[in-house]
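These are the residues of each chain, in order.
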Amino acid sequence: MTNQIPPEFLTGVAKERGVSDAELETVMMALDGNSTAAIATILGISNIAVRKRLGEVYRKFSIYGRGPGKLAELRHQLFYQYQAQETEAPAPTKTKGKAKAEPAATSSKKTEPAAPEPSNEVVSTGTHRPDWGESPDVSQFYGRTEELKILEELIIDESSRLVTLLGMTGIGKTVLSVQIAKQLESEFEFVVWRSLGATPKLEDLLGNLLQTLSTQKKPDIPDDLSGRILKLLDFLKKNRCLIILDDIDALLKGDELAGNYRPGFENYRDFIKRIAQTNHQSCFVLVTTEEPAEIALLHGEKVQTLQPMDSHEIAREIFADKGVAPTDKEWSELVKRYGDNLLAYKVVAMTIKEFFNGNTATFLKATELFIEDTLTHLLEQHFGRLSPSEEEILYWLAIERSPVTLNRLRENMLLPVSLSDMLKTLDSLDRRALIEKEETASDIFFTVQPLMMKFVTTKLVENACEEIKQLVKTQKLSSLRILIQHNLGAGATSGKKGKAAATQKPQMVQLIKNQLQFFVMRSGGYDELITQLESIAGKLEDKTQRDVGYASANLRNLLALMAS
């Protein structure tokens, strides 16, 4: 990097952006090709500290997204700023003799690339052949300017072979994938969009792709899987193709940590590796709510992941189309509830328009835990894929409400959890795009995506109420799981001291009390329920936490609220 751009220029640009000396030192080493581990060793700091410094630099240069593409984007920004400055300078005097060759990286975007190896020569038909399959209509596409820019750079400028679009259900990944394909259509000879929601066998998918990409009516398609992969790879080398595969998560297992394939689909793992590791001039875009395990190991210059975020401007456009205009305060509350989930905003905007006469304040007041049936179904599918350890962490994050450190999460767990297992579970939730991480100078904090937070809270309250009903009916602690394993009052006093902690009501327990009260009011016997719970709580007083977990404390908190 310093051979292409003078260090003094880089220093000047960085200082204009507010980059500190420590951050500048770190990013210069990264731009010179040093790995995170190497930088950490040289500077005598941790890998996390290196990533934090680089993250601050990217933020100050307004570079977003996930993965190593951010460093490449920084290179682009610095180079084009330097080139613009050089262009304005007086032309150098010509000298005799052989001209000094300019570094390859100083070429502008318009410069023709160097000729590829013979095996990768483009066999162009002179036409562009898109096949959109069952892709959705994108005639009404809002915003996503930053994501489209990043995707174009990853696919075109950096010639990535594999790009993953990762995010939870409803944030607009599919529409974004179609929009970027249409935007880049003229850059490719072939553009193909396919959904894997119907879980096609790999042999069938490859047969379909080869049929679609062929210029012959009856192409010669090998019968065996290995032959089909080799033929497709050969085609990707000779032709420039953009292939989008949506719903990759349909191929993955549920009820365990993220990223493992269902029986019968394991060969997709090797296929994706071949696409990522073989030298070709095409690009695959994978769209998924869950990142396959092998992707994390393949990340590098030609394999990148982008997680679309910050879709609030798009949400405002959706509301405007429905004729609904929330105030800034109301928007703040909507964002807290629904985060970046565009499907949620579409449903909510329509609900406010049709059932609340366009009044957002009335909607917010009446629907604290409102999630429409369509969203509930999608979130239930998402939640249903989780392993027991992932469910456990999501429940704890919902109880805490606010971002929480790794150490506090481990302390909350009733049964000891090894650091290794905890990190594996958090990594799995991250690959499902269900958690958010916030870095400070001293620690990393974790929380749940807002819409999933609402869903998990509702589920936790419903399950806890059902356990309490069974407890009253059977008088057996064996009917309890939520109340034994989770301290439902934990989030109330987190980070609070003195009177603030003493007067703060445990929100989760309050929600359970409200739902129990609603249930009992319909059938009568609220006082009777309190009496029975007091009797059960009395029997638990002499029990240790080892015997009854958090059940005794949870019942005491619940009874205190029910009696108030």
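Residues numbered from 1 in each chain as written. Predicted model: local features only at pLDDT ≥ 70, side-chain atom pairs only at ≥ 80, totals over all residues. Heavy atoms only, no water.

1. Details of the overall build of the chain
Turning to step 1, where the next piece is worked out: Across its full length, the chain holds 27 helices and 9 strands.
Turning to step 2, where the next piece is worked out: Taken across its 564 residues, the chain has 46% of its residues classed as buried.
Turning to step 3, where the next piece is worked out: A separation of at least 24 residues holds for 74% of the contacts in the chain among residues at least 6 apart in sequence.
Turning to step 4, where the next piece is worked out: Carbon and sulfur atoms make up 50% of the accessible area of the chain, which amounts to about 28200 Å² in all. (Helix = DSSP H or I, 4+ residues; strand = E, 2+ residues; numbered from the N terminus. Buried < 20%, exposed > 50% of the residue type's maximum accessible area, 1.4 Å probe, protein only. Contact = heavy atoms within 4.5 Å. Areas by Shrake-Rupley, 256 points an atom, 1.4 Å probe, with all protein chains shown as cover.)

2. Quick look at the packing of helix α13 (residues 328-338) against helix α20 (residues 450-474)
Turning to step 1, where the next piece is worked out: Packing of α13 against α20 leaves a shortest axis separation of 5 Å and a crossing angle of 65°. Judged by the angle between their axes, α13 and α20 are roughly perpendicular. Judged by residue contacts, Val 335, Lys 336, Arg 337 and Tyr 338 of α13 engage Pro 450, Leu 451 and Lys 454 from α20. (Axes fitted to C-alpha atoms, helices over the stretch in contact; angles between N-to-C directions. Parallel < 35°, antiparallel > 145°, perpendicular 65-115°, else oblique.)

3. Here we look at the sheet that holds strand β7 (residues 404-405)
Turning to step 1, where the next piece is worked out: Spatially, 3 strands are ordered β7-β9-β8 in an open sheet, and the strand pairing comes out antiparallel. Looking along the sheet, the strands with just one partner apiece sit at the ends: β7 and β8 (435-439).
Turning to step 2, where the next piece is worked out: In terms of strand pairing, β7 meets strand β9 (residues 444-448) through 2 bridges, oriented antiparallel. When the sheet's bridge partners are listed, Val 404 is paired in β9 with Phe 446. (Pairing = 2+ DSSP bridges.)

4. Some words on the side chain of Thr 305
Turning to step 1, where the next piece is worked out: Note that Thr 305 resides in strand β6 (residues 303-306).
Turning to step 2, where the next piece is worked out: Here the side chain of Thr 305 touches Glu 291 through a polar contact of 2.8 Å, side chain to side chain. (Polar contact = N/O pair within 3.5 Å; in protein donor to acceptor, adjacent residues only side chain to side chain.)

5. Examining the packing of aromatic side chains
Turning to step 1, where the next piece is worked out: Taken as a whole, this structure holds 11 aromatic pairs when the rule is applied.
Turning to step 2, where the next piece is worked out: Ring geometry for Phe 190 versus Phe 235: centroids 5.2 Å apart, planes at 65°, classification edge-to-face. One end of the pair, Phe 190, is in strand β3 (residues 190-195); the other, Phe 235, is in helix α9 (residues 225-238), and 45 residues separate them in sequence. Considered together, Phe 190 and Phe 235 belong to a single accessibility category, that of buried residues.
Turning to step 3, where the next piece is worked out: Here the aromatic residues Phe 319, Trp 331, Tyr 338 and Tyr 345 are joined through ring pairs into a cluster of three or more.
Turning to step 4, where the next piece is worked out: Positioned above the aromatic ring of Trp 132 is the side chain of Lys 182, whose terminal nitrogen or guanidinium carbon lies 3.9 Å from the ring centre.
Turning to step 5, where the next piece is worked out: Positioned above the aromatic ring of Phe 265, the side-chain terminus of Lys 201 is 4.6 Å from the ring centre. (Phe/Tyr/Trp six-rings, centres within 6.5 Å; stacked < 30°, edge-to-face > 60°. Lys NZ or Arg CZ within 6 Å of the ring centre and 35° of its normal.)

6. Quick notes on empty space enclosed by the protein
Turning to step 1, where the next piece is worked out: Under the criterion given, the structure shown has 6 cavities of 30 Å³ or more.
Turning to step 2, where the next piece is worked out: The wall of the largest cavity is formed by 13 residues, among which Met 168, Ile 171, Asp 340, Asn 341 and Gln 449 lie closest to the centre.
Turning to step 3, where the next piece is worked out: Of the residues assigned to the lining of the largest cavity, the class counts are 7 nonpolar, 5 polar and 1 charged. (1 Å grid on protein atoms, 1.4 Å probe; cavity = no way out; pocket = protein on both sides within 12 Å on 5 of 7 lines; lining within 4 Å. Points joined across faces, edges and corners; volume = space filled by probe spheres on them. Nonpolar A, V, L, I, M, F, W, Y, C, P; charged D, E, K, R; others polar.)

7. What to know about the sheet that holds strand β5 (residues 283-288)
Turning to step 1, where the next piece is worked out: Strands sit in the order β1-β3-β4-β5-β2-β6 across an open sheet of 6 strands; the sheet is parallel. Among the strands making up the open sheet, the edge pair consists of β1 (129-131) and β6. Mean inter-strand twist for the sheet, computed between neighbouring axes without regard to direction, equals 15°.
Turning to step 2, where the next piece is worked out: The pairing of strand β2 (residues 162-166) with β6 spans 4 bridges and is classified as parallel. The residue bridging Val 163 from the neighbouring strand is Gln 304, located in β6.
Turning to step 3, where the next piece is worked out: Against the sheet, α9 contacts β3, β4 (241-246) and β5, and its axis sits at roughly 130° relative to β4.

Any functional reading would require information beyond the geometric quantities listed.
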